[in-house]
Amino acid sequence: MANVFDLCFSRLSISCQVTYVILFISLAQPQNIVGSIGPPSCVAEVTQWVLTREQVGKTAVRVQLKLDKSLRLCGENESDTDCCPKPLCVLETLQVSACVGGTPQASLLIQARIFALLLPANAGSVIPNQVYQPLGSCPCDLTFGACDVRCCCDTDCSSEDLKLFVSHCLPGPFGGQVSPASDYQCSVQSSKNSPDWFPFVCVNSPPENNPYLGLFYQGYTITPEPGPSFQSPVLPAPVPVNVYIQGSPIFTLNGQYFTIPQKVFGQCVNNAPVAFLKNFEVNCVTLLRSCPTGSPLRTLPTDLRIKVKNGQGGDVLVDVIDEVAFDLSQFISSTDAFSDEGLVCENVTLALDYKLYWEGNGITSITVTQTVGTITFNSSVALTTRYSAVFLNGEVMVETNSGNPGYQVGRPVIAGIVDTLDNNTGLVQRVSISLRKPVSDGLCVSAEMKPILFGENSTSGCLLPVSRHNLTRCDLLRETVTSLQNNLMTATHVAKSGNPDPFTTTDWVNISCDMSTWTLDCGGGDVSPCVDPTETQLFPITSSVSFTDILVNTGPPKTRQDCPDVMRVINFTEYDCNRNDVCWPELAFPITKYYTGEPYSQSLAKGLILVFFFITASILGTPWRQIRQAWK
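Values in this document were obtained by computation on a predicted structure and should not be read as measured data. (Residues numbered from 1 in each chain as written. Predicted model: local features only at pLDDT ≥ 70, side-chain atom pairs only at ≥ 80, totals over all residues. Heavy atoms only, no water.)

**Student:** I would appreciate a short explanation of the packing of aromatic side chains in the present structure.
**Tutor:** When we look at a pair of aromatic rings, we describe it by the centre distance and by the angle of the planes. Considering all chains together, one arrives at eight aromatic pairs under this definition. With a centroid separation of 5.3 Å and 25 degrees between ring planes, the pair formed by Phe 251 and Tyr 257 is classed as stacked. For Phe 251, a relative accessible area of 1% puts it in the buried group. By relative accessible area, Tyr 257 is classed as buried at 17%. Seen in terms of ring centroids, Tyr 407 and Phe 454 are 4.7 Å apart; in terms of plane orientation they differ by 15 degrees. Their pairing is stacked. With Tyr 407 in the loop between β14 (381-392) and β15 (415-418) and Phe 454 in the loop between β18 (448-451) and β19 (458-467), the pair connects residues that are 47 residues apart, well separated along the chain. Here the aromatic cluster, defined as three or more aromatic residues joined through ring pairs, consists of Tyr 244, Phe 276, Trp 358 and Phe 391. (Phe/Tyr/Trp six-rings, centres within 6.5 Å; stacked < 30°, edge-to-face > 60°. Buried < 20%, exposed > 50% of the residue type's maximum accessible area, 1.4 Å probe, protein only. Helix = DSSP H or I, 4+ residues; strand = E, 2+ residues; numbered from the N terminus.)

Right under this line is the structure:
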């Protein structure tokens, strides 16, 4: 079946119901030279069309026509009639008549013009092996269906076209000469232009072996990568491992991933696998309009108490600790949620904090603290849930460095504060250094924190409502802003490297802050903040982090002549091929892996042969012959 026509008879001017209407299809033939179509007929005719009907309401009928014929183009001397003998497969005028009691009541004329489906004989193109056969037989053929000037191999060029530039054809492989005969071929030279060495040293070689063979062949294999997509990522099938290593997924006893809600591509995913020795802490915001009924917001202790493979052939059982949160300020920021009237949701999971204890390549125990609470709201509420996983070796989580010794890009910047209470030892204790991450209204009271990562420039801030009355007490306003900044950054020093020594002050640098002046803006027609002492205006408190790459100029390298008194100092710049005229490391270059002129095995074999001949010549030479004669 192919090519479907949908028709619709609506509001037929007949006195009976539409269900009694009978539809007929016939070929409309012109009755005279003028080409007029005859009246509708209520007599069934045999056609290559299938007519179906569908009732649409009480006063309309939908009619569907399907061509009962294959649109495949017939082959040569093919006897099968279920195909198209020519590209224009169907050219007919159809007449669909609606009859009641043998009398036509309405009709439609349809002109069908359908072409055959021209499909290639082979489903896929066969690309020859470029090692043995050139891929482009005519690379200069750049225009489809037209003759390219000076491209003598273009099949679109007629004989008249070729006469215009036959003596100026493009040479070489680009002009289609992908298999030219070389001068050393015995079949090329003639008696008139033969050199003096011909035909004693000419070569008889097949024409397929030419210097242009494989000109466009590199031998590289490219693995296609999936393009960007807004689809949620599909996790591969779990492949359990016998021993855990850093980054490998953790499995449950039934061979499935051990999952905890995490952020993937910036979105919270409920079933994200947990990686071994990878700590994380994420916050997920969910807009609730009704009480949750499923995981992870409604999780029972029995759902958390599962068995996990420990990576050493056994398993561990997750121990669940329940906690009830009465202060919901860190989970709910909307004031509407604290109303006494409205929807009450009990035992909502607010946080899941996992502690995974490990030793060697295995897990010794797992503990999860489930924090639940009761939420009351009217229409909707934005709920922020917390999920974390921490790997502990024993009972202590060791502070990880951000590099050794230098910082690694993307790792947190290490900050600290000098401990003045420990007998003035100058010990620098590590503290957090963060930037604000505004959410919802962007105010400083509701802003969250994010760590400063090395090598990533960032600028963020929050808004602080300030009134004219606040500006009259600048000391109090200054203290308010200072307290906000202290909550953001309690550190006074920043580590220079990724593994600083807490007892060495030279490994740390001081942090400085800039002050700014605030004034009310009364322009733009809004003068209420300048008139009403209680009217507030939003002032930004910004924090900016930028990393500058400073190039260190080490100066020219010193040679042995610069240090005549220190003769025992080994100067490796004398062996630098880029700074000296003599390059000793390249003495054995043909037998090293950096030589790519021929396969390494062949170059190594040739080098060993040369060494063998050198040793043989030395043994058979004059010095050894004299030694043998003296020995005898």
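**Student:** I would appreciate a short explanation of a nonpolar patch on the surface in the present structure.
**Tutor:** On the surface, a cluster of nonpolar side chains totalling about 500 Å² of accessible area is made up of Val 611, Phe 614, Ile 615, Ile 619 and Leu 620. Among the structural elements, Phe 614 can be located in helix α6 (residues 600-620). (Patch = residues over 30% accessible without salt bridge, like charges linked within 9 Å, V, L, I, M, F, W, Y side chains within 5 Å. Areas by Shrake-Rupley, 256 points an atom, 1.4 Å probe, with all protein chains shown as cover. Salt bridge = Lys/Arg side-chain N within 4 Å of Asp/Glu carboxyl O.)

**Student:** Would you take a moment to explain the state of the cysteines for this structure?
**Tutor:** A disulfide bridge is the covalent bond that connects two cysteines by way of their sulfur atoms. Under the criterion given, the structure shown has nine disulfides. In this model, Cys 74 is linked to Cys 83 through a disulfide, with the two sulfur atoms separated by 1.8 Å. Of note, the bridge from Cys 74 to Cys 83 carries an S-S torsion of about 100 degrees and is right-handed in sense. One disulfide bridge connects Cys 268 with Cys 284, the sulfur atoms lying 2.1 Å from each other. Across the disulfide from Cys 268 to Cys 284, rotation about the S-S bond amounts to roughly -100 degrees, and the bridge is consequently left-handed. Here Cys 268 is found in strand β8 (residues 267-273), whereas its partner Cys 284 is found in strand β9 (residues 280-288), with 16 residues between them in sequence. You can call Cys 268 partly exposed: its relative accessible area is 33%. We classify Cys 284 as buried; its relative accessible area is 5%. (Disulfide = S-S within 2.5 Å.)

**Student:** Help me understand the sheet that holds strand β20 (residues 493-495), please; the structure alone is not making it clear to me.
**Tutor:** Ordered by their spatial adjacency, four strands build an open sheet running β16-β15-β20-β21, and the pairing between neighbours is antiparallel. Of all the strands in the sheet, just β16 (428-431) and β21 (508-510) have a single pairing partner and so form its edges. Averaged over all pairs of adjacent strands, the angle between strand axes in this sheet comes to 40 degrees, irrespective of strand direction. In this structure, β15 lies alongside β20, joined through two bridges in antiparallel fashion. Looking at the pairing, Gly 416 lines up with His 493 of β20. (Pairing = 2+ DSSP bridges. Axes fitted to C-alpha atoms, helices over the stretch in contact; angles between N-to-C directions.)

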